[in-house]
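# Structural features, examined
Spelled out, the chains give:
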Amino acid sequence: MQSTLGIGLLGAGPVTQAIHLPTLARLSDEFAIRHVTDTDPAVAKAIAARVGAVHSTSIDALLGDPAVEVVVICSPNSFHAEQLIAACHAGKKAVLCEKPLAMSYAEADAIATVSAETGVPIVVGAMHTFDPGWRAATAHWGELPASSHTIRSSIVLPPNSRFEDVATEVLSRPAFPAPDWSDVQVLAGMIHAGVMGLAIHDLPLVRSLLPRYDDLRMIDARFLAPFGYRILFVAGGKSVELHAVMSETWQPDWTLEAFSDDQALQVQFTPSYVHAGSAVSTLTTAESARVFGPTAVNGYEAEWRELAAIVRGEVAPPSTHDLVDDVRFALAVADASAEAVRSTHNADAAA
């Protein structure tokens, strides 16, 4: 009987190559990669060869492999729900799905149903929710979720490829065509993609500070070229600002902040793809400033260690209700942002 959990990687792109492979290499006492699947047979073969695994181009081959106990979904976002549901029906011990969990409300509800039916635990790879620096802050922030009035997420990063190439030699990076900035539907689609692909790292954290979001009211949303957004909305009586831009900046910064009348929280995260320890969180009042982190364990490693503990029955799996609520919140922000971009463009055109 093997002592390590057998991992099946569904999708072998940059996230698998630059995030999960280096992380799993540090956790060889817990996990062993047994199967790698990708639609590109050359990529699947090359990545599998790096870790001594079987390779294929078929999800059925991966799900039918008895050596695969945990399925990791790293495919394009539009395939997450379908593949996650198939993995649950295959009776695996757990599924780790990269964010976002789903791309529609119907998909999110279907995932909740199948998880309840099969009892297969689901972990979403939103590494910030597992980050020891963030979790230390939540354990000590007292009344901040109730008393905070302003929440701000600010992300300034160079293109992902810069960090991917530092982490590993990435094979077959997808090419993205130049967008048509004059097309309002393109702009609306880009800001929607920005929320579901970038803001979604922090949106579960933002939601944990909101009493509700069904009253979400969008104030303004703008797409920022070459890729980014500026979004301002009110939900649960709180002001939320999301700002991001990916350009050729030399100095990356990823900061989440929350403010009440008598307390402030600042969390400084390492950029995606960077394996450099946890976030640093600072809780400040008029009397003191408490700093948590950095620790040697980052959010990627923490999420994998928690998954192992879930499979062993040592900790309870994340609430499927919470995971679905996270994606429903993200979709509400993304949809409202896209609609705001369309409305602003149409108003400007009519002026």
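Computed from a prediction, not measured in an experiment: that's the story for all the values here.

### A closer look at helix H2 (residues 41–51)
The set of residues buried in H2 consists of Val43, Ala44, Ile47 and Ala48. Each buried residue of H2 lies within a common arc of 125° when the element is viewed along its axis, so the set occupies one face. Residues of H2 that are exposed and angled more than 90 degrees away from the buried face: Ala42, Lys45 and Ala49. Packing partners of the buried residues in H2 comprise helix H1 (14–26), strand E2 (31–37) and strand E3 (54–56). A side-chain oxygen of the first residue of H2 lies 3.0 Å from the backbone nitrogen of Ala42; this N-cap is Asp40.

### Regarding the UniProt feature "domain: Gfo/Idh/MocA-like oxidoreductase N-terminal" (unreviewed entry) in the protein
Within this structure's numbering, the places UniProt gives as "domain: Gfo/Idh/MocA-like oxidoreductase N-terminal" (unreviewed entry) are residues 6–125. With 44% helix and 22% strand, the stretch residues 6–125 has end C-alpha atoms that lie 18 Å from each other.

### Here we look at the packing of H1 against helix H12 (residues 299–311)
The geometry of H1 relative to H12 is characterised by a closest axis approach of 10 Å and an angle of 65° between their N-to-C directions. Helix-helix and strand crossings are classified by hand; for H1 and H12 the assignment is right-handed. Residue-level inspection shows Ile19, His20, Thr23, Leu24 and Arg26 of H1 in contact with H12, the latter providing Tyr300, Glu301, Glu303 and Trp304. For the contact of H1 with H12, the residue count by class is 4 nonpolar, 2 polar and 3 charged.

### A word on unusual backbone geometry
A cis amide bond links Ala225 with the next residue in sequence, Pro226, at an omega value of 5°. Within the secondary structure layout, Pro226 lies in the loop between strand E8 (217–223) and strand E9 (228–235). Going from Gly293 to Pro294, the amide bond is cis rather than trans, its omega being 0°. Mapped onto the elements of the fold, Pro294 is located in the loop between strand E14 (289–292) and H12.

### Structural notes on the pairing of E9
As a general feature of sheets, a regular strand has side chains that alternate between the two faces. Sheet topology note: the E8/E9 ladder contains 6 bridges and is antiparallel. Its bridge partner being in E9, Asp220 is matched across the sheet by Leu232. The turn joining E8 and E9, which pair antiparallel and follow one another in sequence, is formed by 4 residues. Summarising the sheet, E9 and strand E10 (residues 238–246) pair through 8 bridges and their orientation is antiparallel. Counted as the bridge partner of Arg230 is His243 from E10.

### Description of the pattern of salt bridges
Tallied over the entire structure, the rule returns 18 salt bridges. A salt bridge links Arg26 to Glu301; its shortest N-O distance comes to 3.5 Å. With a gap of 275 residues between them, Arg26 in helix H1 and Glu301 in helix H12 connect regions that are remote in the sequence. Arg26 sits in the partly exposed class, given a relative accessible area of 38%. For Glu301, a relative accessible area of 11% puts it in the buried group. Residue Arg207 pairs with Asp326 through a salt bridge whose shortest N-O separation is 2.6 Å. Of this pair, Arg207 sits in helix H11 (residues 203–207) while Asp326 is found in helix H13 (residues 320–350), placing the two residues 119 residues apart along the sequence.

So, how was this worked out
- Residues numbered from 1 in each chain as written.
- Predicted model: local features only at pLDDT ≥ 70, side-chain atom pairs only at ≥ 80, totals over all residues.
- Heavy atoms only, no water.
- Buried < 20%, exposed > 50% of the residue type's maximum accessible area, 1.4 Å probe, protein only.
- Helix = DSSP H or I, 4+ residues; strand = E, 2+ residues; numbered from the N terminus.
- Arc of directions from axis to C-beta.
- Contact = heavy atoms within 4.5 Å.
- Polar contact = N/O pair within 3.5 Å; in protein donor to acceptor, adjacent residues only side chain to side chain.
- UniProt positions renumbered as here; feature names shortened; annotations may be inferred.
- Axes fitted to C-alpha atoms, helices over the stretch in contact; angles between N-to-C directions.
- Left-handed = near helix turned anticlockwise from the far one by under 90°.
- Nonpolar A, V, L, I, M, F, W, Y, C, P; charged D, E, K, R; others polar.
- Pairing = 2+ DSSP bridges.
- Salt bridge = Lys/Arg side-chain N within 4 Å of Asp/Glu carboxyl O.

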